[in-house]
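Structure assessment
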Amino acid sequence: MQVIGKSVTRVDAEGKVTGRTAYPGDLNMENQTYMKILFAGRPHAIVQAIDTSQAEALEGVIGVFTASDVPVNEYGLTKRDQPVLCGPGAAKPFSDRVRFVGDQVAVVVAETDAIAAQACELINVKYEDLPVITDVEAARQPDAPLIHPDEDSNAYYCYQIRKGDVDAAFAKADVIVAGEYLTPAQEHAYLAPEAGIAYWDEQSRITVACAGQWAHEEAAMIAHALDLPLEKIRVIHPAIGGAFGGREDVSIQIVMALALWRLGERGIKRPIKIVWSRQESMIGHHKRHPYLIRAKWGATRDGRVIAAQSEMLADAGAYNYTSNKVLGNAVIAVSGPYAIENVWVDACAIYTNNLPGGAFRGFGGPQGAFVAESQINKLADALEMDPVEIRMKNVITDGVEGHTQAPLPSPVTMDRVIEQCAQGSGWQKKDGRWGKAKIEDPAESHLKRGTGFACGYKNVGFSYGFPERNWATVELHGTGEIERVVVHQAGSDVGQGAHTLYQQIAAEMLDVPLEIVELVVADTAVTGDAGSTSASRMTFMAGNAIIGAARMALEKWQNEDRPAVAEFKYVPPATTPLEPGTGRSENPNFAYGYVAEAVDLEVDTETGEVRLIRVVCADDVGKALNPQQIEGQIEGAVVQAGGYVMMENFIQQGGFVVTDKLSTYLIPTILDVPEKVDSLILEYADKIGPFGARGMAEMPYIPLAPAIIAAFHQATGVWVDDFPLTPERVLRALGKI
């Protein structure tokens, strides 16, 4: 192979390190205007009236827009349950109410950012406050006020799994462990806040250039809300930076298009720019879902898990966003990558007046894995069995029925990943049994050390019957030989290096130098729909689409059809939804990735500080298309997940955000990175992945929380069922405060 499997330099590296790369907030156009959004600032209320007269009279204000200006006042990625602007005057019932503090009430366009901000303060909104519900248990009660009056219940989306007979299995179990687990909200904290510019392009299309994860779906939501033909809308993703799922749901896209369109009707066709402040970003986009999960597992004396029962309550917040899809992943993850004959799961997404929950790296996997891996670690502890040993007794393998009563797509490599991680972190197999000596504590009596182990699996791609697809176009230019290659692919690069892989795959398939491959990316006017850059799917989906287009283009080239242009639509094997009531599914996902992690840490029992010493992360990536980028994904995920588990404390009280700045919401710095991260890149080829590759960017995130909690237990003798492990929480758990 020429370039596949090599750590080639990222296509965007030079521009980013020199500062020449333009992110959305860097974009400017001649004669541009500026937008500000008036947020609700209250968690639950009816908007009785909006008076914009003072704002409109302010010198420098060009336009003020409210709900009455939105033709179809609704949007949502998987459920259209959110108003574009909240207030009276829209046809959609109940769009006159705000449901969380970040709901958008009005937008102002002005000559300067400062004037727009001043005008927002001059808008007079009359509210009728409604009861605020922030607890999932209270929200799901039959007599709870409805967050969405057009729903029958705040518990609006539920899954069940019913496999075998858990009651009979528990009666046979020699040991049973039960726990109630809480996982917190988490802020994405990408460096670049929401920003963009809207303008009329040369074909008089409404064009929005911003950061996002699915340009075509964003365009579709804009077209729907404005009741305009899709061909009148164009979305472009410039350099994005990080996303981590936080840009999967729209934020500024529809209101920017709305203002541009309405001003255009008045003959004003000037560009509109917006840049959110950090505080606006913190309240204005969704967070990782908090979960309340109750679990009960039973095992025989020899360590075989025979029953797993779970109840999962996901705090969806004010709107659905992707809560139903995240819940589906969590439902499978909560019983772990194990062959368990009897499984019972009840799971519901529940509306509250908290900030909406949505996509975040792992997409339900971290919440489910925290419970599954904590439960199996507690079973190992109760049985005085090594944590690797109990996993190897129960791990799912090829041909074995999973929780949906069907085998996982082959090859299932969880057992090999566990073994490689165990060996890489000091476990040994002696006399047929796994074991590892406890690491020694330092001489200082207040410092305690421990090791923890956890594993998990993650679906690749959309699930449960979603119609997956990805388009790519490849152009070959030249005379006697190929001199120039142009790849059209809409998949956004949100920091993971996707665009570099597109280049590598095309160069490999066409046997041409990497330098002659050009990319046309993430522009709905010139690229086919690639789906979302999420679900660890883009390498898999775009890779196969580019391979198909390159093959077709090369065949045309060889037949003297020049320039050779070919478009290919890749469609993976169809998936099937979970059967209501039972959770049965023949093929919920077309591919999986497998990961295991071991953690060494140190606890200061006097200060409550927890320090990560070493993390060993083994990932089956199928084929390492660019090993350096994979190492970067592993190290980045470990740091990000470490922040989730140990320090990121997103606080909401009564529907208001307390930690709405990076001065109060702390994320990891260089001083919080583990002393050592060992990346074990395993390559067991996926049968249908591009060159055998599996998606892997989310996998290293998934098992870190339970691995840290297990290491904390070994160090202190205390099990902790919630996090983050802030010093105060640690000292409380240790009985020091």
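So, here's what we can say about the structure. (Residues numbered from 1 in each chain as written. Predicted model: local features only at pLDDT ≥ 70, side-chain atom pairs only at ≥ 80, totals over all residues. Heavy atoms only, no water.)

**Remarks on the packing of aromatic side chains**
Worth spelling out the cut-off: In this analysis, rings of Phe, Tyr and Trp, with Trp reduced to its six-membered ring, are considered paired at centre separations within 6.5 Å, and the interplanar angle assigns stacked below 30 degrees, edge-to-face beyond 60, and tilted for intermediate values. The numbering of helices and of strands both runs from the N terminus, where a helix is a DSSP run of H or I of at least 4 residues and a strand a run of E of at least 2. Buried residues are those whose accessible area, probed at 1.4 Å on protein chains only, stays under 20% of the maximum for their type, while exposed residues exceed 50% and partly exposed ones sit between those limits. To sit over a ring, a charge needs its Lys NZ or Arg CZ within 6 Å of the ring centre and within 35 degrees of the ring normal.
Tallied over the entire structure, the rule returns 18 aromatic pairs. Ring centres 6.5 Å apart and planes at 50° place the aromatic pair Phe-360 and Tyr-701 in the tilted group. In this pair, Phe-360 is assigned in the loop between strand 15 (343-351) and helix 10 (365-382) and Tyr-701 in the loop between strand 27 (676-682) and helix 16 (704-716), connecting sequence segments 341 residues apart. Residue classification places Tyr-701 among the buried residues on the basis of a relative accessible area of 1%. Among the aromatic side chains, those forming a connected cluster through ring pairs are Tyr-181, Phe-360, Phe-370, Tyr-644, Tyr-701 and Phe-723. Above the ring of Trp-200, the side-chain terminus of Lys-269 is found at 4.3 Å from the ring centroid. Just above the ring of Phe-360 sits the side chain of Arg-288; from NZ or CZ to the centre is 4.2 Å.

**Focus on the sheet that holds strand 8 (residues 175-183)**
The condition that has to hold: A strand pair is defined by DSSP finding two or more bridges across the two strands. Every axis in this analysis is a line fitted to C-alpha atoms, fitted for helices over the stretch in contact. Angles between the N-to-C directions lie between 0 and 180 degrees. By definition, residues are in contact when any of their heavy atoms lie within 4.5 Å.
Strand order in this open sheet of 5 strands is 7-15-14-13-8, and the pairing throughout is mixed. Edge strands, defined here as strands with exactly one partner in the open sheet, are strand 7 (155-163) and strand 8. Direction aside, neighbouring strands of the sheet carry axes that sit 5° apart on average. For strand 14 (residues 305-317) and strand 15, the ladder comprises 9 bridges, and the chain directions are parallel. Residue pairing across strands places Ala-308 opposite Val-343, the latter belonging to strand 15. This element, helix 9 (residues 323-333), spans strand 7, strand 13 (291-299), strand 14 and strand 15 of the sheet and lies at about 20° to strand 7.

**Focus: the pairing of strand 9 (residues 195-200)**
For a regular strand, side-chain orientation follows a simple rule: the groups alternate between the two sheet faces. The buried fraction of strand 9 is high, at 5 of 6 residues. Here 4 bridges tie strand 9 to strand 12 (residues 272-275), and the two strands are oriented antiparallel to one another. If you follow Ala-195 over to strand 12, its bridge partner there is Val-275. Joining the antiparallel neighbours strand 9 and strand 10 (residues 206-210) is a turn of 5 residues, in which Ser-204 adopts a positive phi near 60°.

**Here's the deal with the sheet that holds strand 4 (residues 97-98)**
If you trace the 3 strands from one edge of the open sheet to the other, you get 4-2-6, paired in antiparallel fashion. What marks the edges here is a single partner per strand, and that holds for strand 4 and strand 6 (124-129). Pairing of strand 2 (residues 45-51) with strand 4 involves 2 bridges; the strand directions are antiparallel. Of the residues in strand 4, the one forming a bridge with Ala-45 is Val-98.

**What to know about the state of the cysteines**
Note on terminology: disulfide describes a covalent bond linking the sulfur atoms of two cysteines. Going by this rule: The disulfide criterion used throughout: a pair of cysteine sulfur atoms within 2.5 Å.
As enumerated under the stated definition, the model contains 1 disulfide in all. Disulfide pairing places Cys-158 opposite Cys-348 at an S-S distance of 2.1 Å. Residues Cys-158 and Cys-348 are joined through a disulfide that is right-handed, its torsion about the S-S bond being 100°. Placement of the pair is Cys-158 in strand 7 and Cys-348 in strand 15, with a sequence separation of 190 residues. Accessibility expressed as a relative area gives 33% for Cys-158, which makes it partly exposed. Residue Cys-348 is classed as buried on the basis of its relative accessible area, which comes to 16%. Cys-120 forms no disulfide, and the closest cysteine sulfur to it belongs to Cys-86, at a distance of 15 Å. Free of any disulfide, Cys-210 has its nearest neighbouring cysteine sulfur in Cys-120, separated by 20 Å.

**Topic: the pattern of salt bridges**
Applied cut-off: Whenever a carboxyl oxygen of Asp or Glu lies within 4 Å of a side-chain nitrogen of Lys or Arg, that contact is scored as a salt bridge.
Across all of its chains, the model carries 43 salt bridges by this definition. A salt bridge links Asp-415 to Arg-416, with the shortest nitrogen-to-oxygen separation between them at 3.8 Å. Judged by its relative accessible area of 29%, Arg-416 falls in the partly exposed class. In this structure, a network of salt bridges that share partners links the residues Glu-137, Arg-140, Glu-180, Arg-294 and Glu-311.

**Notes on a nonpolar patch on the surface**
Let me state the cut-off plainly: The patches described consist of residues with a relative accessible area above 30% and no salt bridge, like charges being joined within 9 Å and nonpolar side chains (Val, Leu, Ile, Met, Phe, Trp, Tyr) within 5 Å. We get accessible surface area from the Shrake-Rupley algorithm with a probe of 1.4 Å; when it comes to residues, only the shown protein chains can shield them.
Where nonpolar side chains cluster on the molecular surface, the patch consists of Ile-670, Leu-671 and Val-673 and spans about 350 Å² of accessible area. Take Leu-671: it is sitting in the loop between strand 26 (656-657) and strand 27. Residue Leu-671 is classed as exposed on the basis of its relative accessible area of 77%.

**Observations concerning the side chain of Glu-194**
For clarity, the threshold we go by: Just so you know, the count uses Lys and Arg for positive and Asp and Glu for negative, and it drops His and the chain ends. Definition of a polar contact: a pair of N or O atoms within 3.5 Å, with one able to donate and the other able to accept a hydrogen when the atoms are protein atoms, and with sequence-neighbouring residues admitted only if both atoms are side-chain atoms.
With respect to the helices and strands, the residue Glu-194 is situated in the loop between strand 8 and strand 9. Despite its burial, Glu-194 pairs with no opposite charge; the closest candidate is Arg-247, at 4.7 Å N-O. One polar contact links Glu-194 to Tyr-190, side chain to side chain, over a distance of 2.5 Å. Side chain to side chain, Glu-194 and His-285 meet in a polar contact 3.0 Å long. Leaving out residues up to four positions away in the same chain, Glu-194 has contacts with Arg-247, Ser-251, Ile-252, Ile-274, Val-275, Trp-276, Ser-281 and His-285.

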